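Chain by chain, the residues run as shown.
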Amino acid sequence: FQAEDGIRDQPRSRGLGDVYKRQLSSTLASLVPVQISVIGATGTGKTTLDRQLTTRGEVRMFSDAERTHHRKNWLGNFVPPEATKKRVKSEGLARTVVSRDLGGHDEYRTLWLADMINRDSKNVFVVIDHRHILDRNNVDNQAALSFFVEALKKKRRPRGLTFRGWLRWKSWYPRRVIVIANKADEWMSDEDHETWKKGFIARHGIFDVFRQDLFRLQEMDIPVYMDAMSARYSWNVQDALYKGLTI
């Protein structure tokens, strides 16, 4: 319809201006780096995820000898690698994230905490796989998450804090925790995929053994989000990370 007296043109201009403002806001937000922490037991695919975010495409499998390890400094603290920037895109939107590829062996768990506190990283991605389904006696995934939740609950101070980290550790809490069930190419059935498409992947049995700890996080007013991905084949990697940052 054409405007008869010009009045209708004014709201249209305002609406267009709002669109431009939203686009500008989204563009600026995409340029501001967001600190994220990626933790989990060794072998869950954290290095594969880091490689996928750096260079898109199928990622080769890593041997046990190639798993991430860290040297110690003169104080006896493990030294993390340099943090790197990556772009995460989903449905035309983008964010710049900053992360480190940290080892998943038991001795590195305190490094997880020190790193996220030192960088003030309040977006924590916990990567799991399906080993606890294949072997009920395997509790690697559960132990990794429980360590993190217990450390938050009891406010444990990790070794390796910087001066700024030491100042903030008592009041530091994550803004959100995202549990990612990786290696979906190995455990996700067609029925599971339909469940994921409907937005109900959190109901999947792969998350059952973690629910008690996830409820504990919610009791600390920390929102929890669950999703699935295949870091090796780049399935749902970008979307899972981006959506996790928006809960």
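The model shown is predicted, which means the values in this text are computed figures rather than measured ones. (Residues numbered from 1 in each chain as written. Predicted model: local features only at pLDDT ≥ 70, side-chain atom pairs only at ≥ 80, totals over all residues. Heavy atoms only, no water.)

Structural notes on the overall build of the chain
Part 1 of the reasoning: Scanning the chain for helices and strands turns up 10 helices and 6 strands.
Part 2 of the reasoning: Expressed as a percentage of the 247 residues in the chain, the buried residues total 45%.
Part 3 of the reasoning: For the chain, the share of sequence-separated contacts (at least 6 apart) that also reach a separation of at least 24 residues comes to 71%.
Part 4 of the reasoning: Roughly 14000 Å² of accessible area belongs to the chain as shown, and the carbon and sulfur atoms make up 50% of that amount. (Helix = DSSP H or I, 4+ residues; strand = E, 2+ residues; numbered from the N terminus. Buried < 20%, exposed > 50% of the residue type's maximum accessible area, 1.4 Å probe, protein only. Contact = heavy atoms within 4.5 Å. Areas by Shrake-Rupley, 256 points an atom, 1.4 Å probe, with all protein chains shown as cover.)

A few points about the environment of Met61
Part 1 of the reasoning: Along the polypeptide, Met61 turns up in the loop between α2 (46-54) and β2 (84-90).
Part 2 of the reasoning: Using a relative accessible area of 59% as the deciding quantity, one classes Met61 as exposed.
Part 3 of the reasoning: For the pair Met61 and Gly45, spaced 16 residues apart in the sequence, the C-alpha separation amounts to 9.3 Å.
Part 4 of the reasoning: Contact partners of Met61, with chain neighbours within four places excluded, come to Glu66 and Arg232.

Points about empty space enclosed by the protein
Part 1 of the reasoning: One pass over the full model with this rule turns up 2 cavities of 30 Å³ or more.
Part 2 of the reasoning: By volume, the largest cavity amounts to about 70 Å³.
Part 3 of the reasoning: Around the largest cavity, the lining residues are Leu113, Ile117, Ala151, Leu152, Lys155, Arg156, Pro158, Trp169 and Trp172.
Part 4 of the reasoning: Elements with a minimum of two residues in the lining of the largest cavity: α3 (109-118) and α5 (140-154).
Part 5 of the reasoning: Taken together, the residues that form the lining of the largest cavity break down as 7 nonpolar, no polar and 2 charged.
Part 6 of the reasoning: Around the second largest cavity, the lining residues are Val38, Lys46, Leu49, Asp50, Leu53, Ser99, Arg100, Asp101 and Leu102. (1 Å grid on protein atoms, 1.4 Å probe; cavity = no way out; pocket = protein on both sides within 12 Å on 5 of 7 lines; lining within 4 Å. Points joined across faces, edges and corners; volume = space filled by probe spheres on them. Nonpolar A, V, L, I, M, F, W, Y, C, P; charged D, E, K, R; others polar.)

Topic: the pattern of salt bridges
Part 1 of the reasoning: Counted under the stated rule, the structure contains 13 salt bridges.
Part 2 of the reasoning: The salt bridge involving Asp140 is made with Arg131; its shortest N-O contact spans 3.1 Å.
Part 3 of the reasoning: Relative accessible area serves as the criterion here: at 14%, Arg131 is assigned to the buried category.
Part 4 of the reasoning: Put simply, Asp129, Arg131, Asp140 and Lys183 are held in one network by salt bridges that share partners. (Salt bridge = Lys/Arg side-chain N within 4 Å of Asp/Glu carboxyl O.)

Describing the sheet that holds strand β4 (residues 123-128)
Part 1 of the reasoning: Read from one edge to the other, the open sheet built from 6 strands follows the order β2-β3-β1-β4-β5-β6, with strand pairing classed as mixed. The sheet terminates laterally at β2 and β6 (224-228), the two strands that pair on one side only. For this sheet, the mean angle separating the axes of adjacent strands, direction not counted, is 30°.
Part 2 of the reasoning: By the bridge criterion, 7 bridges tie β2 to strand β3 (residues 93-99) in an arrangement that is antiparallel. Each bridged residue has a counterpart across the sheet, and for Lys89 the counterpart in β3 is Ala94.
Part 3 of the reasoning: Those strands touched by helix α10 (residues 237-244) are β2, β3, β4, β5 (176-181) and β6, and its axis lies near 95° from that of β2. (Pairing = 2+ DSSP bridges. Axes fitted to C-alpha atoms, helices over the stretch in contact; angles between N-to-C directions.)

So, the side chain of Asp50
Part 1 of the reasoning: Looking at the element boundaries, Asp50 is found in helix α2.
Part 2 of the reasoning: What makes Asp50 buried here is its relative accessible area of 19%.
Part 3 of the reasoning: In this structure Asp50 touches Thr84, Lys86, Ser99 and Asp101, once residues within four positions along its chain are discounted.

Digging into the confidence of the model for the chain
Part 1 of the reasoning: For the chain, the mean per-residue pLDDT works out to 88, and 87% of the residues sit at or above 70.
Part 2 of the reasoning: Under a pLDDT of 50 for its full length, residues 1-13 has, in the predicted model, 5 contacts with residues more than four places off or in other chains. (pLDDT = per-residue confidence, 0-100.)

Topic: the packing of α5 against helix α9 (residues 211-219)
Part 1 of the reasoning: Across the interface, α5 lies against α9 with an axial gap of 10 Å and an inter-helix angle of 20°. Comparing their axes, α9 and α5 come out roughly parallel. Between α5 and α9 lies a crossing whose hand is left-handed. On α9, the residues that touch Gln142, Leu145, Ser146, Val149, Glu150, Leu152 and Lys153 of α5 are Asp213, Leu214, Arg216, Leu217 and Glu219.
Part 2 of the reasoning: Tallied by class, the residues present in the contact of α5 with α9 amount to 5 nonpolar, 2 polar and 5 charged. (Parallel < 35°, antiparallel > 145°, perpendicular 65-115°, else oblique. Left-handed = near helix turned anticlockwise from the far one by under 90°.)

Looking at the pairing of β4
Part 1 of the reasoning: Taking burial as the measure, the 6 residues of β4 include 6 buried ones, the bulk of the element.
Part 2 of the reasoning: Alternating positions in β4 separate into two faces, Asn123, Phe125 and Val127 on one and Val124, Val126 and Ile128 on the other, with burial throughout.
Part 3 of the reasoning: Relative to β4, strand β1 (residues 33-39) runs parallel, the two being bridged by 4 bridges. Paired with Ile39 across the two strands is Val126, which belongs to β4.
Part 4 of the reasoning: Across 6 bridges, the pairing between β4 and β5 is parallel. Within β5, the position partnered with Phe125 by the bridge is Ile178.

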